[in-house]
Amino acid sequence: MSSIRKVITVRFSREALHFWRGAPPEVAFLAHPHRHLFNVAVTISVEHDDRELEFFIFREFCRAICTIPKGLGAEPVSKSCEMFADDMIQQIIASYPTRTISVEVTEDDENSVTLT
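Notes on the structure in this doc start here. None of the values given here were measured: they were computed from a predicted structure.

Counting 27 residues, the largest nonpolar core has V42, F58, M88, I92, V103 and V105 as its most contacted members. Counting residues per element, the ones that place at least two in this core are strand 1 (7-18), strand 2 (34-45), helix 1 (55-65), helix 2 (81-95) and strand 3 (101-107). For this core, the element with the most residues is helix 2, which contributes six residues. Look past the residues within four positions of V103 in its chain and what remains in contact with it is A41, V42, A85, M88, I89, I92, V113, T114 and L115.

Let us now look at unusual backbone geometry. A positive phi angle, near 50°, is found at R51, a position not held by glycine. Turning to its location among the elements, R51 is positioned in the loop between strand 2 and helix 1. Classification of R51 by relative accessible area gives partly exposed; the value is 45%. Non-glycine residue D109 carries a positive phi angle of around 55°. Looking at the secondary structure, you find D109 in the loop between strand 3 and strand 4 (111-115). Here D109 falls in the exposed class, since its relative accessible area comes to 65%.

Relative to the helices and strands, E107 resides in strand 3. Buried and unpaired, E107 has no salt bridge, with R35 as the nearest side chain of opposite charge at 11 Å. For E107, the residues in contact, after removing those within four places along its chain, are H36, L37, F38 and C81.

What follows concerns the pairing of strand 2. In terms of burial, strand 2 is a largely internal element, ten of the twelve residues being buried. As paired elements, strand 1 and strand 2 share twelve bridges and run antiparallel to each other. Its bridge partner lying in strand 2, R11 is registered against A41. Sheet topology note: the strand 2/strand 3 ladder contains seven bridges and is antiparallel.

With that settled, the discussion passes to the pattern of salt bridges. Evaluation of the coordinates by the stated rule reveals six salt bridges. E15 is the partner of R35 in a salt bridge, and the nearest nitrogen-oxygen pair spans 2.7 Å. Note that R35 is positioned in strand 2 and E15 in strand 1, a separation of 20 residues in sequence. A relative accessible area of 31% places E15 in the partly exposed class. The salt bridge involving E52 is made with R99; its shortest N-O contact spans 2.9 Å. You can see E52 sitting in the loop between strand 2 and helix 1 and its partner R99 sitting in the loop between helix 2 and strand 3, a full 47 residues away along the chain. Taking relative accessible area as the criterion, E52 reaches 26% and is therefore assigned partly exposed.

Conventions adopted
- Residue positions within a chain follow its written sequence, with the count starting from 1.
- In view of the model being predicted, local features appear only for residues whose pLDDT reaches at least 70, and side-chain atom pairs are presented and counted only at 80 or more, with totals across whole chains, interfaces and linings using the full set of residues.
- Side-chain descriptors were evaluated using all non-hydrogen atoms of the structure, hydrogens and water having been removed beforehand.
- The set of buried Ala, Val, Leu, Ile, Met, Phe, Trp, Tyr and Cys residues whose side-chain atoms join them within 4.5 Å is what this entry labels a nonpolar core.
- Remark: exposure states derive from per-residue accessible area (1.4 Å probe, protein chains only) relative to the maximum for the residue type, with buried under 20%, exposed over 50%, and partly exposed in between.
- Helix numbers and strand numbers start at the N terminus; a helix is a DSSP run of H or I with at least 4 residues, a strand a run of E with at least 2.
- Here, residues are in contact when the closest pair of their heavy atoms is within 4.5 Å.
- In this count, Lys and Arg are taken as positive residues and Asp and Glu as negative ones, while His and the chain termini are left out.
- Basic side-chain nitrogens of Lys or Arg form a salt bridge, by our definition, when they fall within 4 Å of a carboxyl oxygen of Asp or Glu.
- Should DSSP find at least two bridges between two strands, the strands are regarded as paired.

Right, dumping it as C-alpha cells:
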C-alpha cells in the first residue's frame, strides 16, 4: 500500500489596506491604515493524476471566496491573517468536505498563518 498523498496548491496575491485597532504601544503604527501584500496559498487533496481539480478553476473559486479586499481603493480592514484564512477554509470545507485542506495567508512574505 502506498503512503503517497496527492495535493495541489493554488496561489494568488491581494494588495490591501489594513489596520489593527488593538495594536499594543510597541507597534502603535499598526493601528493606522497601512499597505500589505497578502499572499494566499490553498492546498487541497486530490484523488488522481489527471486534474481532478483543475488549477485555474480552483484558484478562481478561492479568489471568489477570499475576504481580503481587492486593491488599495477598497476600505481598510481590521481582520487578521488568521481571520482571512479561517473565512476561506470554512467555505472550502463546505464545498469539499472530504478533502484535506490547508490555507496559508502571508503578509508581505514576512509573517504568515496556516490553517489545516
